[in-house]
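# Tertiary structure, described
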Amino acid sequence: MNKPVKIQAADAAAEVAATPLEKLNPAKVDSFYNDTIWPVFEPLRREDPVHYTPDSEYGPYWSVTKWNDIMAVDTNHEAFSSADGIALANLADQEKAEAALRALGQEPRRGGGAGFITMDEPEHAVGRKAVSPTVAPANIQTMMPVVRERAGQILDSLPIGKEFDWVDLVSKELTAMTLASLFDFPFENRRKLTWWSDMVMNQPGHGPVESWEQKGMAMFECFGTFEQMWNERLNGPPANDLISMMAQNPATRTMSRETYHGNVILLIVGGNDTTRNTISGSVFQLNKNPDQYAKLRANPDLILPMVSETIRYQTPLAYMSRTALRDVELAGKTIKKGDKVAMWYISGNRDETMIERPNAYIIDRERPRQHLSFGFGIHRCVGNRVAEMQLTIIWEEILKRFPEIKVVGAPVLNWSSFVHGFESLPVVIPYRN
Ligand code: HEM
């Protein structure tokens with residue numbers, strides 16, 4: 001199913017121009033897989049910034065594509081709920097996934113069930129508060145040496161002068177390594193975290209997923225492992241890992257098994273695809289923009305702004321969706337109670353009224369953290385500082401070792417309109433310092 005990406009931007013632009021606005025379906029996966037989404041969002045921002053798609057594989061839904069309107073939805077949690085899910089569900093896939101779960105004796109739950117990201121207040125705040133200290137500045141400081149040491153080990157094991165897949169050997173490895181540190185998960189089994197995340201996020205035929213049954217079984221295995229970790233840590237010594245914190249905090253130690261499992265999935269997925277695709281995106285964009293790569297090499301102080309610019313430019317989660325709890329007016333349109341709304345961060349990050357030269361990748365922008373990629377409001381990414389920390393350390397360690405990482409072929413992009421990233425990226429490291 002995975003085939004090399006074919007960039008057909010001109011064809012896509014012509015097709016969009018010939019399509020009546022009301023027929024535009026920005027969540028169509030093909031456009032993400034083929035990197036032909038930009039000609040869809042540009043006319044929408046200009047002509048129909050709050051756009052309704054009446055009929056699609058996800059059912060009817062709204063697309064909000066401009067910065068200020070995205071902010072208006074994301075910061076209005078009283079009118080826009082997360083409890084019915086934060087990604088548009090492909091209706092046919094949803095039915096197949098539910099049938100597979102029933103066959104395994106599990107009762108599927110629609111929409112929610114992905115931890116506190118799919119909860120509204122007051123439940124959301126309880127879950128968020130329990131994990132927040134793990135990802136707060138003090139704990140991040142204590143994690144830094146181990147992240148640096150493990151990043152160094154991974155980078156030192158890379159082949160020199162030989163082609164390899166950057167996504168597999170670096171982006172996935174480094175992300176799994178940090179996540180294993182956050183969970184205090186056995187380091188030697190860290191790629192299990194990557195595998196579970198890929199099993200959750202992919203459909204059969206994509207990534208490692210072969211069938212809906214296999215997806216269900218993978219979740220069983222994941223929950224079994226984390227159940228054991230919970231039991232071991234529940235009455236263990238106080239510790240700074242995410243599982244001990246949830247198990248020992250009086251506000252969360254009585255949470256239902258379903259809620260715990262949802263939180264585990266949230267943390268595995270939240271910290272996985274996102275950071276992984278920023279690592280891949282940075283190498284890809286620095287290669288496409290050699291002047292920016294040269295600037296970075298000449299001035300390592302630009303690492304942190306480069307990380308932020310990549311997070312904006314890549315937008316690892318293309319959107320988050322909400323369900324309207326009442327009728328809401330937005331940009332002259334009426335979003336009706338019960339309607340689904342996708343906030344397209346990936347489009348807001350290219351909104352020319354907010355970002356100067358938004359389609360250019362510029363690593364020394366004046367305000368590099370001005371982007372929508374972490375969301376806003378009560379669900380703003382709780383791991384944003386951890387993500388920036390690990391990405392900065394990784395690049396510090398890369399620059400110490402490798403003057404250049406060369407992209408030597410076309411990437412394969414993800415089969416998803418939610419996770420915006422790379423399935424594979426062929427590179428060569430010509431030599432090391
Ligand atoms: C570049 C990396 C990352 C990006 C782009 C990203 C993006 C996001 C976005 C868009 C949201 C939802 C915001 C909203 O609805 O307003 C979110 C929430 C969340 N993220 Fe991240 N994330 C990243 C890294 C991480 C990491 C490393 C972790 C784990 C340590 C993490 C854990 C979470 C959690 C737990 C939530 C739910 C917060 C809540 O509902 O209160 N993320 N993230």
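Residues numbered from 1 in each chain as written. Predicted model: local features only at pLDDT ≥ 70, side-chain atom pairs only at ≥ 80, totals over all residues. Heavy atoms only, no water.

## Remarks on the coordination of the iron atom of the ligand
From the protein, the iron atom of the ligand takes a single donor atom, C381 (SG), 2.3 Å away. Note on placement: C381 falls in the loop between α16 (345-348) and α17 (384-401). (Donors = N, O, S within 2.8 Å, 3.2 Å for Na, K, Ca; no water. Helix = DSSP H or I, 4+ residues; strand = E, 2+ residues; numbered from the N terminus.)

## Quick look at the nonpolar core
Counting 113 residues, the largest nonpolar core has W166, F183, F226, W395 and I405 as the members making the most contacts within it. The leading source of residues in this core is helix α8 (residues 166-183), at nine residues. In this view, W395 contacts S282, V283, L286, Y293, L296, I303, M306 and I405; residues no more than four positions away in its chain are not counted. (Core = buried A, V, L, I, M, F, W, Y, C linked by side-chain atoms within 4.5 Å. Buried < 20%, exposed > 50% of the residue type's maximum accessible area, 1.4 Å probe, protein only. Contact = heavy atoms within 4.5 Å.)

## Structural notes on the side chain of D120
Mapped onto the fold, D120 is located in the loop between α5 (91-103) and α6 (123-131). Notably, D120 is buried but unbridged: the nearest opposite-charge side chain belongs to R322, and the N-O separation is 6.9 Å. Looking at D120, its side chain comes within polar contact range of the side chain of S81, at 2.6 Å. Reaching out from D120, the side chain makes a polar contact with the backbone nitrogen of S82 at a distance of 2.9 Å. (Lys, Arg positive; Asp, Glu negative; His and termini not counted. Salt bridge = Lys/Arg side-chain N within 4 Å of Asp/Glu carboxyl O. Polar contact = N/O pair within 3.5 Å; in protein donor to acceptor, adjacent residues only side chain to side chain.)

## Observations concerning the pattern of salt bridges
Close approach of charged atoms allows side chains with opposite charge to pair. Tallied over the full model, the rule gives 27 salt bridges. Between K340 and D84 there is a salt bridge, and its shortest N-O distance comes to 2.6 Å. On the criterion of sequence distance, the pair formed by K340 in strand β8 (residues 340-344) and D84 in the loop between β3 (80-81) and α5 is long-range, its members being 256 residues apart. Taking the relative accessible area as the measure of exposure, D84 reaches 38% and is therefore partly exposed.

## Examining the site of the ligand
Not every one of the 30 residues close to the ligand is listed here, only the nearest: H124, R128, R322, H379 and C381. The side chain of D74 places a nitrogen or oxygen atom 3.0 Å from an oxygen atom of the ligand. Breaking the shell around the ligand down by element, the ones donating at least two residues are α6, α12 (257-270), α13 (273-288) and β5 (319-324). (Near = heavy atom within 4 Å.)

## Focus on the packing of aromatic side chains
Here the structure, examined in full by the defined rule, presents 16 aromatic pairs. Ring geometry for F41 and W344: centres 5.1 Å apart, planes at 55°, overall tilted. Here W344 lies in strand β8 and F41 lies in helix α3 (residues 38-47), a separation of 303 residues in the sequence. Taking relative accessible area as the criterion, F41 reaches 0% and is therefore assigned buried. Ring plane angle 85° and centroid distance 6.1 Å describe the contact between Y58 and Y61, whose orientation is recorded as edge-to-face. An identical accessibility class is assigned to Y58 and Y61; each is buried. The rings of F32, F41, Y319, W344 and F418 are connected pair by pair, giving a single aromatic cluster. Residue placement shows R297 over the ring face of Y293; its charged tip is 4.2 Å from the ring centre. (Phe/Tyr/Trp six-rings, centres within 6.5 Å; stacked < 30°, edge-to-face > 60°. Lys NZ or Arg CZ within 6 Å of the ring centre and 35° of its normal.)

## A few points about the environment of E163
If you trace the backbone, E163 turns up in the loop between α7 (137-156) and β4 (164-165). Overall, the relative accessible area of 54% leaves E163 in the exposed class. As for E163 and V407, which are separated by 244 residues in sequence, their C-alpha atoms are 9.2 Å apart. If we ignore the near neighbours within four places in the chain, the residues touching E163 are V408, P426, V427 and V428.

## Notes on unusual backbone geometry
In most cases, non-glycine residues show a negative phi, while peptide bonds are predominantly trans. The omega torsion across E121 and P122 is 5°, close enough to zero to call that bond cis. Mapped onto the secondary structure, P122 falls in the loop between α5 and α6. Of note, D184 is a non-glycine position whose phi angle comes to about 50°, a positive value. Summarising the element assignment, D184 is placed in the loop between α8 and α9 (191-201).

## Describing empty space enclosed by the protein
This model, assessed by the stated rule, comprises one cavity of 30 Å³ or more. Within this model, the largest cavity holds a volume of roughly 120 Å³. At the level of secondary structure, the elements contributing two or more residues to the lining of the largest cavity comprise α9, α13 and β11 (422-424). (1 Å grid on protein atoms, 1.4 Å probe; cavity = no way out; pocket = protein on both sides within 12 Å on 5 of 7 lines; lining within 4 Å. Points joined across faces, edges and corners; volume = space filled by probe spheres on them.)

## Digging into the pairing of β8
The buried fraction of β8 is high, at four of five residues. Direction of pairing for strand β2 (residues 61-64) relative to β8: parallel, over a ladder of three bridges. Following the sheet pairing, V64 is matched in β8 by M343. (Pairing = 2+ DSSP bridges.)

## So, the sheet that holds strand β12 (residues 426-428)
Spatial ordering of the open sheet is given by β4-β12-β9, a layout of three strands whose pairing is antiparallel. If you trace the sheet from one side to the other, it starts and ends with β4 and β9 (406-407), each paired once.

## A few points about the sheet that holds β5
Here five strands make up an open sheet; going across it, the order is β1-β2-β8-β5-β3 and the pairing mixed. Looking along the sheet, the strands with just one partner apiece sit at the ends: β1 (50-53) and β3. By the bridge criterion, four bridges tie β1 to β2 in an arrangement that is antiparallel. Each residue of the ladder has a partner; that of Y52, found in β2, is W62. Helix α4 (residues 67-74) rests against β1, β2, β3, β5 and β8 of the sheet, and its axis sits at about 130° to β8. (Axes fitted to C-alpha atoms, helices over the stretch in contact; angles between N-to-C directions.)

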